[in-house]
Amino acid sequence: MVNQIFRRLIAKWISSIAIRNLFNNQNKLFFCSFLPIAGAFVTGVCLSLLFAACSSTSTVNSPNHSATSVANSASSKATLVRFGFQKSNILLKNKGVLEKRLSPDGISVEWIEFPAGPQLLEAMNVGSIDFGHVGESPPIFAQAAGASLTYVAGIAASPGGSAILVPQNSPIQKVTDLKGKKIAFQKGSSAHLLLVQALEKAGVKYSEIEPKYLPPADARAAFVKGSVDAWVIWDPFYAAAQEATKARVLIDGTGINKQGGYYLTTRKFATENPQIVKAVLEEIQQLEEWAKTHREEVAQTLSSVLGIDIETMRKATNRRTFGIVPINDELINLQQQVADTYYQLKLIPKKVNVRDGVLTKEQYAAFSPKI
């Protein structure tokens, strides 16, 4: 018992240091620079998982807890799940769905917020969180940096939910016009990949553009001030920029993006706690299924919770593809193509073998929900 308490104290100490350092390193302007521009845009990335049925008229039916009781599994060792989240998880957190599912088995949930996927995975690598979701690019950069990560589920692709934006009166009319231009985006994010793929499709070399690596809030500030020529971004930032700045879409991810993001954990957590992973993924899938048929309610709820106008939220929600997908060979091969692309462009220091972060088919079968 003493050892357990001691380990928890040490874990909390490490977590506090890691998170403080992460935010110090990632430009504290994530919120403060954003508020003068548009207070609505404190959201973050993606719209995955946002949608626990919060209204009094529509609810998501909870799974049968006794059927998948974590307490009945001798392999489950954790009594705490530290969930790293971006603003896109705010409803899941506020609704307390995971707490309701896990608390009967003596498992609590702790939430730690991050501005984007790369920062979240850095925290996972140093042991500050157990679980989280990001786009397809952050795991590649994390693996290239030596992080030990494990893919547990994929996120359905929403190709229309990200785009390359230019000012309304910009002379840039096609992707080839981006040569020599300053382009803002979060390094190692899904926006990074969209830009790389769009340039490749248009026959433009990555070395022919001037990348400006900025998190979403700072990128938007630079875009509004005219410090950059284009901005690569995802919803709801994308929809918000269309509404507030009348930004023009140069190209979106339709016909380019073939995959969404991923839910990840550490190999140790996945192998020692498959029943917890199963419970978490079942809750995620349930929320996603509900959202598919309640888009207006999703938009209304998010507009209220996040302080974003309803038209912006409707636009972002309607572009969203809801659902999670299992980790299989097709998804692994797509992710390997992403890794190879970044290596060929010398954006990561070494080749990455995506399968280093993959479990066996038997292990996935133990916790993957029926999708």
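Calculation rules
Residues numbered from 1 in each chain as written. Predicted model: local features only at pLDDT ≥ 70, side-chain atom pairs only at ≥ 80, totals over all residues. Heavy atoms only, no water. Helix = DSSP H or I, 4+ residues; strand = E, 2+ residues; numbered from the N terminus. Contact = heavy atoms within 4.5 Å. Areas by Shrake-Rupley, 256 points an atom, 1.4 Å probe, with all protein chains shown as cover. Core = buried A, V, L, I, M, F, W, Y, C linked by side-chain atoms within 4.5 Å. Buried < 20%, exposed > 50% of the residue type's maximum accessible area, 1.4 Å probe, protein only. Pairing = 2+ DSSP bridges. Phe/Tyr/Trp six-rings, centres within 6.5 Å; stacked < 30°, edge-to-face > 60°. Lys NZ or Arg CZ within 6 Å of the ring centre and 35° of its normal. Salt bridge = Lys/Arg side-chain N within 4 Å of Asp/Glu carboxyl O.

S.K.: Even after reading the chapter, I still don't get the overall build of the protein, so can you show me in this structure?
M.R.: Along its length, the protein carries 15 helices and eleven strands. Taking as baseline every contact in the protein between residues at least 6 positions apart, the subset at least 24 positions apart corresponds to 82%. Total accessible area on the protein stands at roughly 15,600 Å², and carbon and sulfur atoms take up 53% of it.

S.K.: Explanation requested: the nonpolar core in the structure shown.
M.R.: One broad trend across soluble globular proteins is that nonpolar side chains are buried collectively. Counting 102 residues, the largest nonpolar core has F131, Y151, L165, L178, W231 and Y342 as the members making the most contacts within it. No other element matches the nine residues that helix α11 (residues 274-292) contributes to this core. Ignoring sequence-local partners within four residues, the contact set of L178 consists of I164, I172, I183, L199, E208, I209, A230 and L250.

S.K.: Just to check I follow, could you spell out the environment of V166 for this structure?
M.R.: Secondary-structure assignment places V166 in strand β5 (residues 162-166). Residue class for V166 comes out buried when judged on its relative accessible area of 0%. Between the C-alpha atoms of V166 and R248, which are 82 residues apart in sequence, the distance is 5.3 Å. The contact partners of V166, leaving out residues within four places of it in the chain, are I172, F223, D229, A230, A247, R248 and L250.

S.K.: Whenever I open this one, the pairing of strand β3 (residues 131-134) confuses me. Can you help?
M.R.: Sheet faces and side chains relate simply in a regular strand, where the side chains alternate between the two faces. A two-sided burial pattern is seen for β3, the buried positions comprising F131 and H133 on one face and G132 and V134 on the other. As paired elements, strand β1 (residues 80-85) and β3 share two bridges and run parallel to each other. Following the sheet pairing, G84 is matched in β3 by G132. Here β3 pairs with strand β10 (residues 262-265) via four bridges, running antiparallel.

S.K.: Looking at this structure, how should I read the packing of aromatic side chains?
M.R.: The geometry of an aromatic ring pair is captured by the separation of the ring centres together with the interplanar angle, meaning the angle of the planes. Within this structure, the stated rule accounts for eight aromatic pairs. Following the ring pairs from residue to residue traces out a cluster consisting of F83, F85, W111 and F131. Between the NZ or CZ atom of R319 and the centre of the ring of Y238, over which it lies, the distance is 3.8 Å.

S.K.: Can you help me understand the side chain of Q242 in this one?
M.R.: Assignment of secondary structure puts Q242 in helix α9 (residues 237-245). Among the residues examined, Q242 registers a relative accessible area of 17% and is labelled buried. Once you skip the residues sitting within four places of it in the chain, Q242 turns out to touch A247, V249, K315 and R319.

S.K.: Help me understand the pattern of salt bridges, please; the structure alone is not making it clear to me.
M.R.: Between side chains of opposite charge, a pair can form as their charged atoms come close. Across all of its chains, the model carries 14 salt bridges by this definition. Put simply, R82 and D130 hold a salt bridge, and the shortest N to O gap is 2.8 Å. Taken together, the residues R82 in strand β1 and D130 in the loop between α5 (117-125) and β3 connect sequence positions 48 residues apart. One exposure class covers both R82 and D130, and it is buried. In this structure, a network of salt bridges that share partners links the residues R101, K278, E282 and E283.

By themselves, these are just geometric observations and shouldn't be taken as functional.
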